[in-house]
Amino acid sequence: KSIWWIISIFVVLAVAGGVGWILGKKGESVPRAPSSQSGKVPFEEVKDIQGQLNYSLDAFSGDQLLVVNDQASWQDIFAKLQGQNPLKTSPPPIDFGNKTLILVLGGTKPTGGYTLSIDEIRKQGEQITVTATLGKPAKGCVTTQAFTFPNAIVTISKTQLPISLELKEIEKAC
């Protein structure tokens, strides 16, 4: 009978994850397959291109979400984003083997004072949603009188999942 008690206790500990503790591996986590569950998606801002984007008025109209997974597409989009800039450069390198590039474009704005930021990226089931905020200057603010092109560009771990945009607008105080 006592052998059955020992076996029962061992089975219970194994089911509860105690086998690692019994074998002297306290505190070590068991590697798990990547989860398909919901949650925040970490992202990194692509900073190497600030000030280089001056897309022509007809290249990208309105608010847009662009998802790029290869170098050729990135070069094409980057050329359009530079518009009539006489000092065109090559796009910053992106490791498309491991990364997906996400661009949120706020469209052409009539003055300065506009900002665009990515607040959060979340995976829910088999869908990724980018939540971003477009800040616009409040009435009466002094702004530059030139067309501007607010944008936010980030990378996430490589994905083929569909990506959507939730863009909220706020009015910024002067």
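About the thresholds
Residues numbered from 1 in each chain as written. Predicted model: local features only at pLDDT ≥ 70, side-chain atom pairs only at ≥ 80, totals over all residues. Heavy atoms only, no water. Helix = DSSP H or I, 4+ residues; strand = E, 2+ residues; numbered from the N terminus. Buried < 20%, exposed > 50% of the residue type's maximum accessible area, 1.4 Å probe, protein only. Contact = heavy atoms within 4.5 Å. Areas by Shrake-Rupley, 256 points an atom, 1.4 Å probe, with all protein chains shown as cover. Disulfide = S-S within 2.5 Å. Salt bridge = Lys/Arg side-chain N within 4 Å of Asp/Glu carboxyl O. Pairing = 2+ DSSP bridges. Axes fitted to C-alpha atoms, helices over the stretch in contact; angles between N-to-C directions. Expected span 1.5 Å × (residues − 1). Arc of directions from axis to C-beta.

Undergrad: Quick question: what am I supposed to make of the overall build of the protein here?
TA: If you tally the helices and strands in the protein, you get 3 helices and 8 strands. For the protein, the α and β elements follow one another from N to C terminus as α-α-β-β-β-α-β-β-β-β-β. Going through the 174 residues of the protein one by one, you find that 34% of them count as buried. The contacts of the protein with a sequence gap of at least 6 include a subset with a gap of at least 24, amounting to 80%. As displayed, the protein has an accessible area near 11200 Å², and 56% of this comes from carbon and sulfur atoms.

Undergrad: Is there a simple way to explain the state of the cysteines in this structure?
TA: Here, disulfide denotes a covalent bond that connects the sulfur atoms of two cysteines. By the definition in use, this model includes 1 disulfide. Across the disulfide from Cys141 sits Cys174; the S-S distance is 1.9 Å. Its S-S torsion of about -105° marks the bond between Cys141 and Cys174 as left-handed, since a negative value means left-handed. With a gap of 33 residues between them, Cys141 in the loop between β6 (127–137) and β7 (151–157) and Cys174 in the segment after β8 (163–172) connect regions that are remote in the sequence.

Undergrad: Where do I start with the pattern of salt bridges in this structure?
TA: When their charged atoms lie close together, side chains carrying opposite charge are able to pair. This model, assessed by the stated rule, comprises 5 salt bridges. The partner of Lys99 in a salt bridge is Glu44, with the nearest N and O atoms 3.9 Å apart. Of this pair, Lys99 sits in strand β4 (residues 99–105) while Glu44 sits in strand β2 (residues 44–45), and the two are 55 residues apart along the sequence. Residue Arg122 is joined to Glu120 by a salt bridge in which the shortest nitrogen-to-oxygen separation is 3.5 Å.

Undergrad: What exactly am I supposed to notice about the sheet that holds strand β1 (residues 39–40) here?
TA: Paired through their backbone hydrogen bonds, the strands of a sheet run either parallel or antiparallel. On the basis of which strands lie adjacent, the open sheet formed by 4 strands has the order β1-β5-β6-β8 and mixed pairing. Unpaired on one side and paired on the other, β1 and β8 mark the two borders of the sheet.

Undergrad: How should I be thinking about the sheet that holds strand β3 (residues 64–68) in this particular structure?
TA: Spatially, β2-β7-β4-β3 is the arrangement adopted by the 4 strands of the open sheet, whose pairing is antiparallel. The two strands at the open ends of the sheet, each matched to only one other strand, are β2 and β3. Examined bridge by bridge, β2 and β7 share 2 bridges and lie antiparallel to one another. The residue bridging Glu44 from the neighbouring strand is Thr155, located in β7. Strands in contact with helix α3 (residues 71–82) are β3 and β4; relative to β4, the strand with the most contacts, it is inclined by about 20°.

Undergrad: What is the right way to look at the environment of Gln64 in this model?
TA: Along the chain, Gln64 falls in strand β3. Relative accessible area serves as the criterion here: at 22%, Gln64 is assigned to the partly exposed category. When the C-alpha positions of Gln64 and Val104 are compared, they lie 5.8 Å apart, and in sequence the two are 40 residues distant. Those residues in contact with Gln64 that sit more than four places away from it in its chain are Leu103, Val104, Leu105 and Leu165.

Undergrad: Sorry, what's going on with the side chain of Thr155 here?
TA: Topologically, Thr155 is positioned in strand β7. Looking at Thr155, the relative accessible area reads 8%, which means it is buried. Beyond its immediate chain neighbours, meaning those up to four positions away, Thr155 contacts Pro42, Phe43, Glu44, Val46, Ile94, Lys99, Thr100 and Leu101.

Undergrad: How do you make sense of α3 when you look at a structure like this?
TA: The α-helix advances 3.6 residues per turn, and as a result positions three or four apart in sequence lie on the same side. Taking 1.5 Å as the rise per residue, α3 with 12 residues should run 16 Å; its terminal C-alpha atoms sit 16 Å apart, in good agreement. Those residues of α3 not exposed but buried are Trp74, Ile77, Phe78, Leu81 and Gln82. Angularly, the buried residues of α3 cover 135° about the axis, an arc narrow enough to put them on a single face. For α3, the secondary structure elements touched by its buried residues are β3 and β4. With its phi angle positive at about 50°, Gly83 sits one or two positions after the end of α3.

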